[in-house]
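Reading the structure
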Number of protein chains: 2
Amino acid sequence: MTSTCYKYLVVTISRGDAFDPDCPTRVVLDRIGDKWTALVIGSLEDGPLRFSVLRARIGGVAPKVLTQTLRAMERDGLLTRTVHAQVPPRVDYELTPLGASLTGPIATLTDWAETHLGAILASRGDYDAAADAR
Amino acid sequence: MTSTCYKYLVVTISRGDAFDPDCPTRVVLDRIGDKWTALVIGSLEDGPLRFSVLRARIGGVAPKVLTQTLRAMERDGLLTRTVHAQVPPRVDYELTPLGASLTGPIATLTDWAETHLGAILASRGDYDAAADAR
DNA sequence: CGGGATCCATCGCGATACTG
DNA sequence: CAGTATCGCGATGGATCCCG
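Rules used in this analysis
Numbers given for residues are sequential positions, taken from 1 along each chain in its written order. Chains and ligands are labelled by the order in which they are written, letters from A for the one and numbers from 1 for the other. Owing to the predicted nature of the model, reporting of local features is limited to residues with pLDDT of at least 70; listing and counting of side-chain atom pairs is limited to 80 or more, with chain, interface and lining totals taken over all residues. Neither water nor hydrogens contribute to the side-chain values; these are computed over all heavy atoms in the structure. Proximity is defined per residue: any heavy atom of the residue falling within 4 Å of a molecule or strand makes that residue near it. Here a polar contact is taken to be a pair of N or O atoms separated by no more than 3.5 Å, where protein atoms must pair a possible hydrogen donor with a possible acceptor and residues adjacent in sequence count only if both atoms sit in side chains. By definition, any uninterrupted DSSP run of H or I lasting at least four residues is a helix, any uninterrupted run of E lasting at least two residues is a strand, and each is numbered from the N terminus. Put simply, Ala, Val, Leu, Ile, Met, Phe, Trp, Tyr, Cys and Pro go in the nonpolar bin, Asp, Glu, Lys and Arg in the charged bin, and everything else, Gly too, in the polar bin. Any carboxyl oxygen of Asp or Glu that lies within 4 Å of a side-chain nitrogen of Lys or Arg is treated as forming a salt bridge with it. Only protein chains enter the accessibility calculation, which uses a 1.4 Å probe; a residue whose area is less than 20% of its type maximum is buried, one above 50% is exposed, and one in between is partly exposed. Paired strands are those between which DSSP finds at least two bridges. Contacts were defined at the residue level, with two residues in contact if any of their heavy atoms lie within 4.5 Å. With axes taken as lines fitted to C-alpha atoms, and helix axes fitted only over the stretch in contact, angles between N-to-C directions fall between 0 and 180 degrees. Accessible area that two parts lose when put together, with a 1.4 Å probe and added across both, is what the buried area reports. Note on scores: pLDDT gives the predictor's confidence for each residue, bounded by 0 and 100.

Looking now at the protein's contact with DNA strand C. Looking at DNA strand C, there are 17 residues lining it, with Lys35, Trp36 and Lys64 of chain A together with Arg81 and Tyr93 of chain B nearest. Interatomic distance of 2.7 Å between a side-chain N/O atom of lysine 35 of chain A and a phosphate oxygen of DNA strand C. Between DNA strand C and arginine 81 of chain B there is a distance of 2.4 Å, counted from a phosphate oxygen to a side-chain nitrogen or oxygen. Of all the secondary structure elements, the ones that give two or more residues to the surface near DNA strand C are helix H5 (63-75) of chain A together with helix H4 (51-58), helix H5 (63-75) and strand S3 (90-95) of chain B. Considering each element in turn, the surface near DNA strand C owes the most residues, three residues, to H5 of chain B. Residue classes in the surface near DNA strand C are distributed as eight nonpolar, two polar and seven charged.

Before going further, it helps to spend a moment on the pattern of salt bridges. The full count for this structure, using the stated rule, is ten salt bridges over all chains. Arginine 90 of chain A serves as the salt-bridge partner of aspartate 92 of chain A, at 3.3 Å between the closest nitrogen and oxygen. Classification of aspartate 92 of chain A as buried rests on a relative accessible area of 14%. Residue arginine 90 of chain A is classed as partly exposed on the basis of its relative accessible area, which comes to 27%. With a shortest N-O distance of 3.3 Å, aspartate 30 of chain B and arginine 26 of chain B are connected by a salt bridge. Of this pair, aspartate 30 of chain B and arginine 26 of chain B both sit in helix H2 (residues 24-32), separated by four residues, roughly a single helical turn. Look at the salt bridges and you will find they share partners, linking Arg31 and Asp76 of chain A together with Arg124 of chain B into a network.

Moving on, we come to the sheet that holds strand S3 (residues 90-95) of chain A. All names here are of chain A. Sheet architecture is open: three strands sit in the order S1-S3-S2, paired in antiparallel fashion. At either margin of the open sheet sits one strand with a lone partner, and together these are strand S1 (49-50) and strand S2 (79-84). Looking at chain direction, S1 and S3 are connected through two bridges and run antiparallel. Residue pairing for S3: leucine 49 is matched across the bridge by tyrosine 93. Most of the contacts of helix H3 (residues 37-44) go to S3, to which it runs at about 95°, and overall it touches S1, S2 and S3.

Turning our attention to the interface of chain B and chain A. The partner chain A presents 61 residues to the 61 residues of chain B that form the contact. Across the chain B/chain A interface, buried area totals approximately 5600 Å², and carbon plus sulfur atoms make up 68% of it. Taken together, the links from chain B to chain A amount to four salt bridges. The shortest N-O distance in the salt bridge between arginine 75 of chain A and aspartate 128 of chain B comes to 2.5 Å. In this structure, the connection of chain B to chain A is made through 14 residue pairs in polar contact (both at pLDDT 80 or more). Ranked by residues supplied to the side of chain B that touches chain A, first place goes to helix H7 (residues 103-133) of chain B with 20 residues.

Moving on: helix H3 (residues 37-44) of chain B. By the criterion of burial, H3 of chain B is predominantly enclosed, with eight of the eight residues buried. Those residues of H3 of chain B not exposed but buried are Thr37, Ala38, Leu39, Val40, Ile41, Gly42, Ser43 and Leu44 of chain B.

Secondary-structure assignment places threonine 67 of chain A in helix H5. Sequence separation between threonine 67 of chain A and phenylalanine 51 of chain A is 16 residues; the distance between their C-alpha atoms is 8.7 Å.

Right, let's get into the pairing of strand S2 (residues 79-84) of chain B. Sheet topology note: the S2 of chain B/S3 of chain B ladder contains six bridges and is antiparallel. Paired with threonine 80 of chain B across the two strands is glutamate 94 of chain B, which belongs to S3 of chain B.

The next subject is the sheet that holds strand S1 (residues 49-50) of chain B. Within a beta sheet, neighbouring strands are joined by backbone hydrogen bonds and run either parallel or antiparallel to one another. Residues and elements named next belong to chain B. Across the sheet, three strands lie side by side as S1-S3-S2; this open sheet has antiparallel pairing. Only two strands of the sheet have a single neighbouring strand rather than two, namely S1 and S2. Against the sheet, H3 touches S1, S2 and S3, its axis set at about 95° to S3. Together, S2 and S3 form the strand contacts of H5, whose direction differs from that of S2 by roughly 115°.

Of all nine residues that make up helix H2 (residues 24-32) of chain A, eight are buried, and the element is covered over most of its length. Turning to H2 of chain A, its buried residues number three or more, namely Pro24, Thr25, Arg26, Val27, Val28, Leu29, Arg31 and Ile32 of chain A.

Attention now moves to the confidence of the model for chain A. Mean pLDDT over chain A stands at 87; residues scoring 70 or higher make up 84%. Taken as a whole, residues 13-17 of chain A scores under 50 in pLDDT and shows ten contacts with residues more than four places along the chain or in a different chain.

Cis geometry is adopted by the peptide bond preceding proline 88 of chain A, which originates at valine 87 of chain A and carries an omega value of 5°. Structurally, proline 88 of chain A is set in the loop between S2 and S3.

Here's what the structure looks like:
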């Protein structure tokens, strides 16, 4: 961790305002840390999808919430929203280059998660067992 | 994104239960996506710190919330909590190898965030300006 | 000093119903 | 089809007070 951004994080920590809304890591974490954004990115990796298909692929997401997620991502320039003037309505969502480039960092996180999930789950088991014993 | 974990994500998506609590990416995202965990990891990178120092370094975090964060991280095996039997009490927190290894993926995310923050903020500005115009 | 206990504000998220 | 409107729950995070 030697990037300027990390320095920024350290600096903001020492300044006591690490939650400066312009802290890059915070901005990104607030976006992909929500419940559906990472899943949307994964679903759109192979190409554009329309609203209903996206909704079916992800499963279990309420229309309102999916709309919220997509709007936030559009606002951040992660995807484009294309309305086709026809009946019935058809709206396509497609990752921008910016959004597609986020798959890299997510993959890194995903690889780490896959490698270490066992350790995390085991640690949780131990911790809870020790707590129960008391 | 060709890891097994990503396949797992895709599979769980197609199964409609992508929020299976055992989805590795979800577990990790739920932890580092919270408000303070990433900051704690950054603060502990250079060595162990005691509670009060950690609290001062991060700034703006309530004792209760910091305790919650540290306990969750301890439960997941990301750090160790060492109570020194002395008066006044002294408790040290230190990253485990597992916790330290998380700095890699976080750095990747941080680098991406630093590189693209400008584009995100610009996109937000455009989006909001267009919305205001209406 | 390092919390535990309690109360509380906020907000993400979800279920349901309705519409251009 | 692709949303919007409304209602409301539950979890996170915070403020305050207290204790070993």
